[in-house]
Amino acid sequence: MKLDFAGLTDTGNVRAVNQDAFYIDPQGRFFIVADGMGGHAGGQEASQIAAQTIKDYLNAHWDHPDASALLKEAFLAANEAIVRDQHSHPERSDMGTTAVVVLFRETGDTWCANVGDSRIYQLQGENLKQITEDQTWVAQAVQRQVLTSDEARIHPWRHVLSQCLGREDLSFVEIEPMEVKASDRLLLCSDGLTEELADEIIAEQLKLSQSCEQIASILIKEAKQREGRDNITVIVISVEPSSSVKVKH
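Looking at an unreviewed UniProt entry, one finds the protein named PP2C family serine/threonine-protein phosphatase and attributed to Limnoraphis robusta CCNP1315.

What follows is the structure in structure tokens.
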């Protein structure tokens, strides 16, 4: 597999501070998006701690034989780091963050991990699939058939998370293998994008025959042209045919 990729973040039209963070491994081994909450300083700090801790843990333990265990341990390390910071800085006691990660192993395996409501999408052929499940009150209500999907999009509690990093009672990290094929495109994004753009519009942009950097820029522009009420962060990954596991950017 050969990858092309790019990431961009934008404060949006309303917020004064960008509380999102993202990281792209220069070798294309892993990709991280985090969306912080808990006040200006707290949200920024939480997302940065999460992205940095996950990055450092994956780099330090990359040879771990079990990708699922590696991702779980990286997320738990990030959670612990945020909780420690809360104890040291009581003014940030309410801070937390979402996090999504896509990880490519040299063996050809691909894995994803999620806590919160940032998302991972996969465009395969003409079909766009949301890979992660939102860990929110409204997502649970949709599963219980208390709300419809359309009602959930505008519900006043749609941003209430059932889980995030920065909680001592963190109980679950969603970790799944992914089947990735040549010509697939993957998208990691904060909810600043999905709050403004329906999946159909996201799919249209991912299908464009342009570079990942251009598509990332278009997605952010589209979100800002609507209302751009939140910070917007996107990472676009294009999987291209190759005879070996190499990465380019």
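> Whenever I open this one, the pattern of salt bridges confuses me. Can you help?
Working definition: two side chains of opposite charge can pair if their charged atoms are close together. Taken as a whole and judged by the stated rule, the model has eleven salt bridges. Residue Asp134 pairs with Arg119 through a salt bridge whose shortest N-O separation is 2.6 Å. Taken as a pair, Asp134 in the loop between β8 (127–130) and α3 (137–143) and Arg119 in strand β7 (residues 119–124) lie far apart in primary sequence, 15 residues in all. For Asp134, a relative accessible area of 19% gives the class buried.

> How do you make sense of the pairing of strand β10 (residues 185–189) when you look at a structure like this?
Where a strand is regular, its side chains alternate between the two sheet faces. For β10, a buried count of five out of five residues is recorded, marking the element as mostly surrounded by other parts of the structure. Alternating residues of β10 divide into Arg185, Leu187 and Cys189 and Leu186 and Leu188, and every residue in both groups is buried. The sheet contact formed by β10 and strand β11 (residues 232–240) spans five bridges and is antiparallel. Residue Leu186 lies in a different strand from β11, and its bridge partner there is Ile237.

> Looking at this structure, how should I read the packing of helix α6 (residues 199–206) against helix α7 (residues 212–226)?
For any two helices packed against each other, the geometry comes down to the angle between their axes and how far apart the axes lie. In the contact formed by α6 and α7, the axes pass within 9 Å of each other and the chain directions differ by 150 degrees. Put simply, α6 runs roughly antiparallel to α7. Here α6 runs over α7; the crossing is right-handed. Every residue of α7 that contacts α6 at Ile201, Ile202, Gln205 and Leu206 is listed here: Ile215, Ile218, Leu219, Glu222 and Arg226. When grouped by side-chain class, the residues that make up the contact of α6 with α7 number six nonpolar, one polar and two charged.

> Could you clarify how one ought to interpret the packing of aromatic side chains in this entry?
Within a pair of aromatic rings, the relevant descriptors are the distance that separates the centres and the angle that separates the planes. All chains considered together, the criterion is met by four aromatic pairs. With 5.1 Å between their ring centres and 75 degrees between their planes, Phe5 and Phe31 make a pair best called edge-to-face. In this pair, Phe5 sits in strand β1 (residues 2–10) while Phe31 sits in strand β3 (residues 30–37), placing the two residues 26 residues apart along the sequence. The burial state of Phe5 is the same as that of Phe31; both residues are buried. Following the ring pairs from residue to residue traces out a cluster consisting of Phe5, Phe31 and Phe104. The side chain of Arg29 reaches across the aromatic face of Trp62, ending 4.7 Å from its centre. Just above the ring of Trp62 sits the side chain of Arg105; from NZ or CZ to the centre is 5.1 Å.

> Would you mind going over α7 with me for this structure?
One full turn of an α-helix is made of 3.6 residues, so residues set three or four places apart face in the same direction. The terminal C-alpha atoms of α7 lie 22 Å apart, and with 15 residues this matches the ideal 21 Å at 1.5 Å per residue to within 8%. Among all positions in α7, only Cys212, Ile215, Ala216, Leu219, Ile220, Glu222 and Ala223 are buried. The arc that holds every buried residue of α7, seen down its axis, measures 155 degrees, which confines them to one face. Turned more than 90 degrees away from the buried face of α7, the exposed residues are Glu213, Lys221 and Gln225. Close packing links the buried residues of α7 with β1, β10, α5 (191–194), α6 and β11. Gly228 sits one or two positions beyond α7 and adopts a positive phi of about 55 degrees.

> Explain the nonpolar core here, please?
Here is a general trend for soluble globular proteins: nonpolar side chains tend to be buried in one another's company. In this structure, Ile54, Leu58, Leu71, Phe75 and Leu165 are the most contacted members of the largest nonpolar core, which totals 33 residues. When residues of this core are traced back to their parent elements, those giving at least two are β2 (20–24), β3, α1 (40–60), α2 (67–88), β5 (99–104) and β6 (110–115). No other element matches α2, which puts nine residues into this core. Ignoring any residue separated from it by four or fewer positions in sequence, one finds Phe75 in contact with Ile54, Ala99, Val101, Ala113, Asn114, Val115, Leu165 and Val173. If you look at the next biggest cluster of nonpolar residues, it comprises 19 residues, including Ala6, Leu123, Cys189 and Ile232.

Rules behind the numbers
- Residues numbered from 1 in each chain as written.
- Predicted model: local features only at pLDDT ≥ 70, side-chain atom pairs only at ≥ 80, totals over all residues.
- Heavy atoms only, no water.
- Salt bridge = Lys/Arg side-chain N within 4 Å of Asp/Glu carboxyl O.
- Helix = DSSP H or I, 4+ residues; strand = E, 2+ residues; numbered from the N terminus.
- Buried < 20%, exposed > 50% of the residue type's maximum accessible area, 1.4 Å probe, protein only.
- Pairing = 2+ DSSP bridges.
- Axes fitted to C-alpha atoms, helices over the stretch in contact; angles between N-to-C directions.
- Parallel < 35°, antiparallel > 145°, perpendicular 65-115°, else oblique.
- Left-handed = near helix turned anticlockwise from the far one by under 90°.
- Contact = heavy atoms within 4.5 Å.
- Nonpolar A, V, L, I, M, F, W, Y, C, P; charged D, E, K, R; others polar.
- Phe/Tyr/Trp six-rings, centres within 6.5 Å; stacked < 30°, edge-to-face > 60°.
- Lys NZ or Arg CZ within 6 Å of the ring centre and 35° of its normal.
- Expected span 1.5 Å × (residues − 1).
- Arc of directions from axis to C-beta.
- Core = buried A, V, L, I, M, F, W, Y, C linked by side-chain atoms within 4.5 Å.

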